[in-house]
Amino acid sequence: MGITKSDLFTVQQNELAQLAKAMGHPARIAILQHLLAAKSCINGTLVLELGLAQATISQHLRELKEIGLIKGTVEGVSVSYCINSSKWESVKGLFNGLFDQHAEACETKDCC
């Protein structure tokens, strides 16, 4: 979507779209699931766990970090990544709000 068209939508709609785009690749979902399962910061294990090239993993990590879903800390020559808890909760609230609109719309009438 062109930058000139984003002003037609609310801040929340634009944010949801950006989040959905960032999470719209199976490798990024796999990275997020791995970080969630690890329950701690991780660094070099993603290449072994996912079977993707380091450059590919780095590209996906960069996308997730830019949107704020993960955060990284430099430890010597490596970077450790983990879920950004505050952003995660915010994203959860945004998507739950979107999905809850369906339940609210169909509570009082029969949907098609």
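All figures in this text were calculated on a predicted structure; none of them were measured in a lab.

A.B. asks: Any chance you could explain the confidence of the model for the protein chain here in plain terms?
C.D. replies: Low-pLDDT stretches of the model should not have their predicted coordinates read in fine detail. The predicted model of the protein chain averages 86 in pLDDT, with 88% of residues at 70 or higher. Confidence, read as mean pLDDT per element, is least for helix 3 (residues 45-50) in the protein chain (84) and greatest for helix 2 (residues 26-38) (94).

A.B. asks: Looking at this structure, how should I read the pattern of salt bridges?
C.D. replies: Any two side chains of opposite charge can pair if their charged atoms end up close together. Per the counting criterion, the structure on display carries one salt bridge. Across the pair glutamate 15 and lysine 87 runs a salt bridge, and its minimum N-O distance is 3.3 Å. Of this pair, glutamate 15 sits in helix 1 (residues 11-22) while lysine 87 sits in helix 5 (residues 85-107), placing them 72 residues apart in sequence.

A.B. asks: Would you explain the side chain of asparagine 84 in this entry?
C.D. replies: Its location among the elements puts asparagine 84 in the loop between strand 2 (78-83) and helix 5. Only 3.1 Å separates the side chain of asparagine 84 from the backbone oxygen of glycine 68, close enough to count as a polar contact. The contact partners of asparagine 84, leaving out residues within four places of it in the chain, are Gly68, Leu69, Ile70 and Lys71.

A.B. asks: Just checking my understanding: could you explain the pairing of strand 1 (residues 70-75) for this structure?
C.D. replies: It is a general feature of regular strands that their side chains alternate between the two faces of the sheet. As paired strands, strand 1 and strand 2 are joined by six bridges and run antiparallel to one another. Opposite isoleucine 70, over in strand 2, you have isoleucine 83 as the bridge partner. The hairpin turn running from strand 1 into strand 2, its antiparallel successor, is two residues long, and glycine 76 in that turn takes a positive phi close to 70°.

A.B. asks: Just checking my understanding: could you explain the nonpolar core for this structure?
C.D. replies: Buried together is how nonpolar side chains tend to be arranged in soluble globular proteins. By size, the foremost hydrophobic cluster in this structure holds 19 residues, and its most contacted members are Leu19, Leu35, Leu61, Leu69 and Ile70. Mapped onto this core, the elements with two or more residues apiece are helix 1, helix 2, helix 4 (54-67), strand 2 and helix 5. Per element, the largest residue contribution to this core is four residues, and it comes from helix 4. Residue contacts for leucine 69: discarding those within four places in its chain leaves Leu19, Met23, Leu32, Leu64, Cys82, Ile83, Asn84, Lys87, Trp88 and Val91.

So, how was this worked out
Residues numbered from 1 in each chain as written. Predicted model: local features only at pLDDT ≥ 70, side-chain atom pairs only at ≥ 80, totals over all residues. Heavy atoms only, no water. pLDDT = per-residue confidence, 0-100. Helix = DSSP H or I, 4+ residues; strand = E, 2+ residues; numbered from the N terminus. Salt bridge = Lys/Arg side-chain N within 4 Å of Asp/Glu carboxyl O. Polar contact = N/O pair within 3.5 Å; in protein donor to acceptor, adjacent residues only side chain to side chain. Contact = heavy atoms within 4.5 Å. Pairing = 2+ DSSP bridges. Core = buried A, V, L, I, M, F, W, Y, C linked by side-chain atoms within 4.5 Å. Buried < 20%, exposed > 50% of the residue type's maximum accessible area, 1.4 Å probe, protein only.

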